[in-house]
Amino acid sequence: MERFFTLEVLKTIPYYHLCIELVLIYCIYWLYFSRPLRNQRRPELTPAEKQKLIDEWQPDPLVPVVEESRDRIVEHLPGSKIIVDRDECLDFGTFNFLALRKDDAVIGAGMKGIRDYGVGSCGPRGFYGTFDAHIYLEEEIANFLGVDEAILYSYGFSTIASAIPAYAKRGDLLFIDEQSNFAIQQGAKASRSKIHWYRHNDMEHLKELLDAQAECEAKNPRKAKVTRKIIIAEGICQNTGTIAQLKTMIDFKYKYKVRVFLDESNSFGVLGETGKGLTEHLNVDILDVDLISAETERAIPSIGGFCAGSAYVVDHQRLAGLGYCFSASLPPYLARAASTALKIIQNEPTRLCRLRANAKFFHKQLQIAVEHSHVFDLTGDDISPIKHLLLTHPNNNENLKAIQSFIQSAQSQGIALVSGEKLEQDRTCKNTSIRLTVSAAFSEDELSSCVSVLSGLIKKLSVSKSAI
Amino acid sequence: MGKTIKIATNAIKAPQKIEDHFEKPPLWVLAVMYCNYMSLYIFGYLADFCRKYNIGTKKTLAQDLKRNKGFPPLHDEFASFFTRNVYMRLRDRFNSPIQSVPGDTFELKERKSEDQNWTFFFTGKAKKVMNFGSYNYLGFAENTGKCAETAEKTTEEMSCTLSSPRSELGTTQKHVELEAYWSAFLGVESTITFGMGFATNSMNIPAIAGPGCLILSDELNHASLVLGIRLSGAKCIVYKHNDMQDLENKLRDAIITGQDRIFRPYKKIIIVVEGIYSMEGSVVNLKKVIELKKKYKAYLYLDEAHSIGALGSGGRGVVQHFDCHVNDVDIMMGTFTKSFGAAGGYISGKKEIIDYLRKSSHAHKYACAMSPGVCEQIIQATEAVASGKGKRRLVQLRENSLYFRQRLKQMGFIVYGNDFSPVVPMLIYALTKLCLFGRLMEEAGISVVVVGFPATPLESARVRFCLSASHSRAQLDKCLNEIDRIGDILQLKHSRQSKISSKNASRNN
C-alpha cells in the first residue's frame, strides 16, 4: 500500500503512458478554459456600468413623423358612377368588374343574411364559427370550378398570404413572378422558404432558374425528393395587367415536378367563357393547377377570398392555414351575398362578354391616346380589365407629384383614378403608374369620354415635360 | 338570486384583479395523460400498418392526384400521422356547422358519421343547444333590435363591399364616423380600423417595427401577433407568460447587450402583450408592464382582442379594469368580433402614430375596406355601451364570469385564469376524456369548445367556456349542473385547493 503514496509508483508506470495522460490533461484544460476566453471580447460589466448603459439608451420614436394624409371619401352610386369628395365621377378606381356591387339581388341576400344570422360570426371556423352559409358557398365555388373542394377566408389579402406558408416551409423553394402582388410577397416571406424571383412573365428566365435547380438536385437526389417546389403566379397581374403564361408553366410543372399555385383575384369571374378564370380562358385542365386562390372582393362583390383545388391540397389548409384557423370566420351575411353573386355570374354570361368587350375597346382607345406621348406606356393584355399607365421615365419624387396632380385634375373632370403607388416594403414599389379598372357597367360613350379626358391631360403633361 | 351571488363571491375569497390561477394537477393525472397519448400512438401505428397491408376497411385521407406521381409530398409525414390517427378521432368536435344567430342558444346542424369521423353527412335535422362556445361577451350577436336593423339599412344603402382598399377609393363617411366614434369611446386621439382582426396584427406590426428593433413578446401571444412579428424582421425575444421579473430581466439584458453580432443598441423596443389571453383566461399585469415600459423607455403594444368590452366598468377593456391611463399604452389594438358581434379590428393611439399608419399600414394600403354593414353594427353597439343602455350587459357579464368561475372551483375543477375573465378554461388533461366531455355536453344540449394539442401544450388539453351577458342565471346553473354530473362520470375534479370550501358551499345550499 505504501508504494502508492510515494513517487515510487511513477517508476512502475510506463513512460509513454505518462506522456499520453499529460496530453489528455492538457486537452481537458484547453477545452475547459479556452471557451470562456474566446467569449471574453465583452467583459462582464459592473452593476453601475450596466445602469449607466440603461440610463443612456435613447430609443428612436415609435413612428417617424409624417404629414397628415387624408383618404378620399367616396359614395358609390348604382352603375358606373361614384362620388369622390363631392365630385361625381366615372369609377375607374375600384375593382367592381361585373358591376354587381349595387345589384339588388346581391344586396337583398346580404340583408336577409343579417336578418337570419346577425352581423358577426363570433368565432373561428373550428369553434362554432362555421355557418351553413359558408358550407353552401364553399360547395358552390367547388362545383362551379369543377374541383373537389374550396375553402373560405374572411379577408381577401389573407387568402393567398395564408395559403403559401401552409405548404411551403423552411428549406422549400418558391418561384415567384417579380411583379406579384403584395399578398403573395408577404405569404412567401412568412413561409421562410427560399425564393427565386423570375422576371415578369419571362418563361425563359423561369426555365433557367428551374434548370439550375435541377442541376443542383442531381447532386443530392435524396434531399430533392422532399424539397417542395412551387411556382406562384397571378392570373392577371395586378401590377401590370398581364395574363400569365399558364400553359408553359404547366409544361414546366410536369417536367420539373414543381407545383403551380395561381392567384386568380383579378381573373376569376372575368376570363373564360363562363368566368371560371384563366384555366378556362387558356383551355387548361383546372386540376393541373394545384391551387387556385381568389379574392371575393372584386368580381364577386363581398368580402373575403377562397382557395380551391383537389381535396389533398385544400383540406390541409383547414388545419394549417393561419388566417383560416386563427381568425373569426367571414360574417355569414357576406357569404350569402357572395353565393347570390356567383349564381348571377352563372346565369348572366352577358355580363362577362360586356366586361371583355369593354376591356378590349378601352385598351385600343387608350393605346391611341398614349402613343407618341413619351410620358406613359400602356401595359397589360387587351382583355384584362386592369390597365396601367406606366411612367416611361420613372426617376424621382417629381413624377409622383405629377401623377397626384394628374389624378386630381382627372377627378375634377369626372374621372376617378387610382395611382399605383406602393409601400416601400413592396418589391414592385419602383414602378409609378396610374391604374384604370374597367367594369361591365360602362357604355362605350363613357369609355370614350374617359379616354378623351385622359388624352387631354397626357398632352398637357408631355408639353410641360418637354418644356423642362 | 341575491343569496347565490353572496355565496359565489364570499365562499372562497374576494376576487382579485391581478391574480391569475394556474393550479398544478396531481401527478397521477399527468401519468394517465401520457399513457393516453402513448396508447393513441400505438394504435395509430397499428392502424397505419393495417392500412398498408389492406386489412379491414381502407380509410385514408385524400390522396394526391395520380398525375402528380413522383412529386415531393406537400404535407409533413408527422403532421399527417397526427391528423389521421389522433385528430380524426375527435374531428366531430370541430367545425360543427350552425344555422342561426350565435346568441345564448343556437341551432346546430346535425351531422353524423358512419365511418369513425372520416366523412360526415347531414341528417337534415337541427338541434337547439345552449351556446358556450361563441365569443359573444356582451351579447350583441342578435338578428333583431337596433343594431341589426341599422346594419341592414346601411347594407341596403351602401352595399356589402367597397371593392377597394381604404387608401384608394374605399373610405366612406361610415368609416370616418366609426373611427371618430371609437376614438371618443376609448378616449384616444385617433383610430384606424381594418376589415379583419387577424390582419390588424399581422399587417401592422411590420409597419411599426423592422430590422434593428426588438420585440418582447409574451410566450402565449396569439398566432396573428407571432406572424406579424415574423414578417416585421425585428428581433423577437419571448418571455414567460405574465412573468414580470422575466420581462424586466430580458429588457435589461437587451438594452445592455444591444443587437446580436453588431452590438449596436436597439433602435426601439416594443413590448407586445394581450389583455386577456384567450387560451388561459389570464389577464395581463398591465400596471407592472406600464411601470417597466416607462422605466426602460420601451413602447407598449396592447392587443385587446378579448378584453375590449369584456373588462372594465365601462367596457373600455383592461386599461379601465386596472384604472390605468390610456396614454400610457402606445398602441391600443383590438377587435370588434368578440364583444360587439361584428368583425374587424382597430388600432388606436396618438395622432401621429395613426397618421403614420394611414400612410404605411399594409392593410390600409392593400386590403379591402370594412363592409359598411359591419361598421354600422360596431357604431350601434358602441353607442349602446357608451350611453349606459348597455350597462346592464356589462354588469351581467361580470356577474356571470365571477359566478361561473367560483362555482366551477367549488366543484373541484382546475380552472385557469383571472376571476374577471369571461373566458373560462377548465383543464381536462387527457385527450380522450376531452372528446367525451364535449360529446356528453352536446348530448345534454350544451355546446362547448374543446382544445387540445397543438393549440395548447401537450399536457394541458382543456375545455373552454365563453360566457356572455345574454346567458341567464338559470342557463348557467343548468350548464354547471351538467358539468358537475359529467365531471363525476369522467373524474375530472382534480383541484386540491377548494375541497373544503366546496363542502361548506354544499352545506349552505
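Residues numbered from 1 in each chain as written. Chains lettered and ligands numbered in written order. Predicted model: local features only at pLDDT ≥ 70, side-chain atom pairs only at ≥ 80, totals over all residues. Heavy atoms only, no water.

1. Focus: the overall build of chain B
Turning to step 1, where the next piece is worked out: Looking only at helices and strands, chain B has 18 helices and 16 strands in total.
Turning to step 2, where the next piece is worked out: Taken over the C-alpha trace, chain B has a radius of gyration of 24 Å; the compact-globule value for 509 residues is 23 Å, and the two agree within 12%.
Turning to step 3, where the next piece is worked out: Across its three principal directions, the C-alpha atoms of chain B cover 70 × 65 × 55 Å.
Turning to step 4, where the next piece is worked out: Counting across all 509 residues of chain B, residues that qualify as buried make up 63%.
Turning to step 5, where the next piece is worked out: Sequence-distant contacts in chain B: of pairs separated by 6 or more residues, those separated by 24 or more amount to 72%.
Turning to step 6, where the next piece is worked out: For chain B, the accessible area works out to roughly 19200 Å², and carbon and sulfur atoms hold 54% of it. (Helix = DSSP H or I, 4+ residues; strand = E, 2+ residues; numbered from the N terminus. Rg over C-alpha atoms; globule rule 2.2 N^0.38 Å. Buried < 20%, exposed > 50% of the residue type's maximum accessible area, 1.4 Å probe, protein only. Contact = heavy atoms within 4.5 Å. Areas by Shrake-Rupley, 256 points an atom, 1.4 Å probe, with all protein chains shown as cover.)

2. A word on the domain arrangement of chain B
All names here are of chain B.
Turning to step 1, where the next piece is worked out: Considered domain by domain, chain B is made up of domain 1 (16–131 + 392–508) and domain 2 (146–386).
Turning to step 2, where the next piece is worked out: Summing both partners gives a buried area of about 1600 Å² for domain 1 against domain 2, and 61% of it is carried by carbon and sulfur.
Turning to step 3, where the next piece is worked out: The interface formed by domain 1 and domain 2 contains 1 salt bridge.
Turning to step 4, where the next piece is worked out: Where Glu280 meets Arg462, a salt bridge forms, and the shortest distance between an N and an O atom there is 2.8 Å.
Turning to step 5, where the next piece is worked out: At the boundary of domain 1 with domain 2, the tally comes to 6 residue pairs in polar contact (both at pLDDT 80 or more).
Turning to step 6, where the next piece is worked out: Contributing elements (two or more residues each) for the side of domain 1 that touches domain 2: α15 (391–411), β12 (417–418), β13 (423–429) and β16 (461–466).
Turning to step 7, where the next piece is worked out: In terms of residues, the side of domain 1 that touches domain 2 owes the most to one element, α15, which gives 4 residues.
Turning to step 8, where the next piece is worked out: Tallied by class, the residues present in the side of domain 1 that touches domain 2 amount to 11 nonpolar, 4 polar and 6 charged. (Domains from an automatic or database assignment. Buried area = accessible area lost by both parts, 1.4 Å probe. Salt bridge = Lys/Arg side-chain N within 4 Å of Asp/Glu carboxyl O. Polar contact = N/O pair within 3.5 Å; in protein donor to acceptor, adjacent residues only side chain to side chain. Nonpolar A, V, L, I, M, F, W, Y, C, P; charged D, E, K, R; others polar.)

3. Some remarks on the environment of Ser472 of chain B
Turning to step 1, where the next piece is worked out: Structurally, the position occupied by Ser472 of chain B is in the loop between β16 and α17 (473–490).
Turning to step 2, where the next piece is worked out: A sequence separation of 76 residues divides Ser472 of chain B from Gln396 of chain B, and the C-alpha atoms of the two residues are 8.6 Å apart.

4. Looking at the domain arrangement of chain A
Residues and elements named next belong to chain A.
Turning to step 1, where the next piece is worked out: You can read the domains of chain A as domain 1 (74–91 + 349–467) and domain 2 (104–347).
Turning to step 2, where the next piece is worked out: Distance from the C-alpha centre of domain 1 to the C-alpha centre of domain 2: 28 Å.
Turning to step 3, where the next piece is worked out: Between domain 1 and domain 2, the residue contacts involve 20 residues of the former and 26 residues of the latter.
Turning to step 4, where the next piece is worked out: The contact between domain 1 and domain 2 buries some 1800 Å² in all, and 56% of this surface belongs to carbon and sulfur atoms.
Turning to step 5, where the next piece is worked out: Inspection of the domain 1/domain 2 interface yields 0 salt bridges.
Turning to step 6, where the next piece is worked out: For the pair domain 1 and domain 2, the number of links is 12 residue pairs in polar contact (both at pLDDT 80 or more).
Turning to step 7, where the next piece is worked out: Elements supplying a minimum of two residues to the side of domain 1 that touches domain 2: α16 (349–370) and β13 (386–391).
Turning to step 8, where the next piece is worked out: Of all the elements, α16 adds the most residues to the side of domain 1 that touches domain 2, at 5 residues.

5. Things to note about the UniProt feature "domain: Aminotransferase class I/classII large" (unreviewed entry) in chain B
Turning to step 1, where the next piece is worked out: UniProt feature "domain: Aminotransferase class I/classII large" (unreviewed entry): in the numbering of this structure it lies at residues 127–483 of chain B.
Turning to step 2, where the next piece is worked out: Between the C-alpha atoms that bound residues 127–483 of chain B the distance is 20 Å, and the span itself is 42% helix and 17% strand. (UniProt positions renumbered as here; feature names shortened; annotations may be inferred.)

6. Re the sheet that holds strand β3 (residues 87–91) of chain A
All names here are of chain A.
Turning to step 1, where the next piece is worked out: The 4 strands lie next to each other as β1-β2-β3-β14, forming an open sheet whose pairing is mixed. Because the sheet does not close on itself, it has two edges, and the strands there are β1 (74–76) and β14 (415–416).
Turning to step 2, where the next piece is worked out: Taken together, the 3 bridges between β1 and strand β2 (residues 81–84) define a ladder with antiparallel strand orientation. Bridged to Val74 within β2 is Val84. (Pairing = 2+ DSSP bridges.)

7. Let's talk about the interface of chain B and chain A
Turning to step 1, where the next piece is worked out: Counting residues at the interface gives 121 residues for chain B, matched by 108 residues for chain A.
Turning to step 2, where the next piece is worked out: Carbon and sulfur atoms make up 63% of the surface buried where chain B meets chain A, a total of about 10100 Å² over both sides.
Turning to step 3, where the next piece is worked out: Its largest share of buried area at the contact with chain A, chain B owes to Leu74, Leu169 and Tyr366 of chain B, together 9% of the area lost on that side.
Turning to step 4, where the next piece is worked out: For the interface between chain B and chain A, the tally reads 6 salt bridges.

8. Examining helix α4 (residues 104–117) of chain A
Turning to step 1, where the next piece is worked out: Here α4 of chain A is 14 residues long and its end C-alpha atoms lie 20 Å apart, about the 20 Å a rise of 1.5 Å per residue gives.
Turning to step 2, where the next piece is worked out: Of all the residues in α4 of chain A, the buried ones are Val106, Ile107, Ala109, Gly110, Met111, Gly113, Ile114 and Tyr117 of chain A.
Turning to step 3, where the next piece is worked out: Turning to α4 of chain A, the residues buried within the fold contact β4 (130–131), α5 (132–145) and α15 (332–347) of chain A together with α4 (145–158) of chain B.
Turning to step 4, where the next piece is worked out: Capping of α4 of chain A at its N-terminal end is provided by Asp103 of chain A; its side-chain oxygen lies 3.0 Å from the backbone amide nitrogen of Ala105 of chain A.
Turning to step 5, where the next piece is worked out: Phi for Gly118 of chain A, located one or two positions after α4 of chain A, is positive at around 80 degrees. (Expected span 1.5 Å × (residues − 1).)

9. Let's talk about the UniProt feature "transmembrane region" (unreviewed entry) in chain A
Turning to step 1, where the next piece is worked out: The UniProt record marks residues 15–33 of chain A with the feature "transmembrane region" (unreviewed entry), using the residue numbering of this structure.
Turning to step 2, where the next piece is worked out: With 100% helix and 0% strand, residues 15–33 of chain A has end C-alpha atoms that lie 27 Å from one another.

10. Some details on the nonpolar core
Turning to step 1, where the next piece is worked out: If you look at the biggest cluster of nonpolar residues, it comprises 193 residues, and the most contacted ones within it are Phe404, Phe437 and Phe465 of chain B.
Turning to step 2, where the next piece is worked out: Here this core takes 9 residues from α15 of chain A, the largest share from any one element.
Turning to step 3, where the next piece is worked out: When residues no more than four places from it in sequence are discounted, the contact partners of Phe437 of chain B are Met426, Ile428, Val448, Val463, Phe465, Ile483, Ile486, Leu490 and Leu492 of chain B.
Turning to step 4, where the next piece is worked out: In this structure, Ile164 and Ile176 of chain A together with Ile208 and Ala367 of chain B belong to the second largest nonpolar core, which totals 62 residues. (Core = buried A, V, L, I, M, F, W, Y, C linked by side-chain atoms within 4.5 Å.)

11. Notes on the sheet that holds strand β11 (residues 345–349) of chain B
Residues and elements named next belong to chain B.
Turning to step 1, where the next piece is worked out: Pairing in this open sheet of 7 strands is mixed, and the strands run β5-β11-β10-β9-β8-β6-β7 from one edge to the other. Strands with a single pairing partner mark the edges of an open sheet, and in this sheet they are β5 (190–194) and β7 (235–239). Strand-to-strand twist of the sheet, defined as the mean angle between neighbouring strand axes without regard to direction, takes the value 20 degrees.
Turning to step 2, where the next piece is worked out: When strand β6 (residues 214–218) meets β7, the two strands line up parallel, connected through 5 bridges. (Axes fitted to C-alpha atoms, helices over the stretch in contact; angles between N-to-C directions.)

12. Comments concerning the pairing of β13 of chain A
Looking down a regular strand, the side chains alternate between one sheet face and the other.
Residue and element names in this part refer to chain A.
Turning to step 1, where the next piece is worked out: Buried residues dominate β13, accounting for 5 of its 6 residues.
Turning to step 2, where the next piece is worked out: Here strand β12 (residues 376–379) runs beside β13; their pairing, made up of 4 bridges, is antiparallel. Note that in β13 the partner of Leu378 across the bridge is Leu389.
Turning to step 3, where the next piece is worked out: Taken together, β12 and the strand that follows it, β13, pair antiparallel across an intervening segment of 6 residues, in which Gly380 is found at a positive phi of about 100 degrees.
Turning to step 4, where the next piece is worked out: Where β13 and strand β16 (residues 433–437) come together, 5 bridges link them in antiparallel fashion. If you follow Leu389 over to β16, its bridge partner there is Ile434.

13. Some points on a positive patch on the surface
Turning to step 1, where the next piece is worked out: Residues Lys169, Arg170 and Arg192 of chain A together with Arg230 of chain B make up a contiguous surface patch of positive charge.
Turning to step 2, where the next piece is worked out: Mapped onto the secondary structure, Arg170 of chain A falls in the loop between α6 (156–167) and β6 (173–177).
Turning to step 3, where the next piece is worked out: Arg170 of chain A gets classed as exposed once you look at its relative accessible area, which sits at 60%. (Patch = residues over 30% accessible without salt bridge, like charges linked within 9 Å, V, L, I, M, F, W, Y side chains within 5 Å. Lys, Arg positive; Asp, Glu negative; His and termini not counted. Charge placed at Lys NZ, Arg CZ, Asp CG, Glu CD.)

14. Describing a nonpolar patch on the surface
Residues and elements named next belong to chain A.
Turning to step 1, where the next piece is worked out: Together, Tyr26, Tyr29, Trp30, Leu31, Tyr32 and Phe33 make up a nonpolar patch on the protein surface, roughly 770 Å² of accessible area in all.
Turning to step 2, where the next piece is worked out: Inspection of the secondary structure puts Tyr29 in helix α2 (residues 15–39).
Turning to step 3, where the next piece is worked out: Classification of Tyr29 as partly exposed rests on a relative accessible area of 47%.

15. Digging into the side chain of Lys409 of chain B
All names here are of chain B.
Turning to step 1, where the next piece is worked out: Here Lys409 lies in helix α15.
Turning to step 2, where the next piece is worked out: Here Lys409 falls in the buried class, since its relative accessible area comes to 12%.
Turning to step 3, where the next piece is worked out: Side chain to side chain, Lys409 and Asp419 meet in a polar contact 2.8 Å long.

16. Some details on the side chain of Asn400 of chain B
Turning to step 1, where the next piece is worked out: Checked against the element boundaries, Asn400 of chain B lands in helix α15.
Turning to step 2, where the next piece is worked out: Setting aside residues no more than four positions away along its own chain, Asn400 of chain B makes contact with Leu467, Ser468, Ala469, His471 and Leu476 of chain B.

17. A few points about the state of the cysteines
All names here are of chain B.
Turning to step 1, where the next piece is worked out: Applying the stated criterion to the full structure yields 0 disulfides over all chains.
Turning to step 2, where the next piece is worked out: The thiol of Cys213 is unpaired, and the distance to the nearest cysteine sulfur, on Cys236, comes to 12 Å.
Turning to step 3, where the next piece is worked out: A relative accessible area of 3% means that Cys213 is categorised as buried. (Disulfide = S-S within 2.5 Å.)

18. Some points on the packing of α4 of chain B against helix α14 (residues 372–386) of chain B
Residue and element names in this part refer to chain B.
Turning to step 1, where the next piece is worked out: Taken N-terminus to C-terminus, the directions of α4 and α14 make an angle of 150 degrees; their axes are 8 Å apart at the nearest point. Here α4 lies roughly antiparallel to α14, going by the angle between them. Seen along the crossing, α4 lies across α14 with a hand that is right-handed. Contact with α4, carried on its side by Lys146, Cys147, Ala148, Thr150, Ala151, Thr154, Thr155 and Met158, involves Pro372, Gly373, Glu376, Gln377, Gln380, Ala381 and Glu383 of α14 and no other residues of that element.
Turning to step 2, where the next piece is worked out: Within the contact of α4 with α14, the residues separate by chemical class into 6 nonpolar, 6 polar and 3 charged. (Parallel < 35°, antiparallel > 145°, perpendicular 65-115°, else oblique. Left-handed = near helix turned anticlockwise from the far one by under 90°.)

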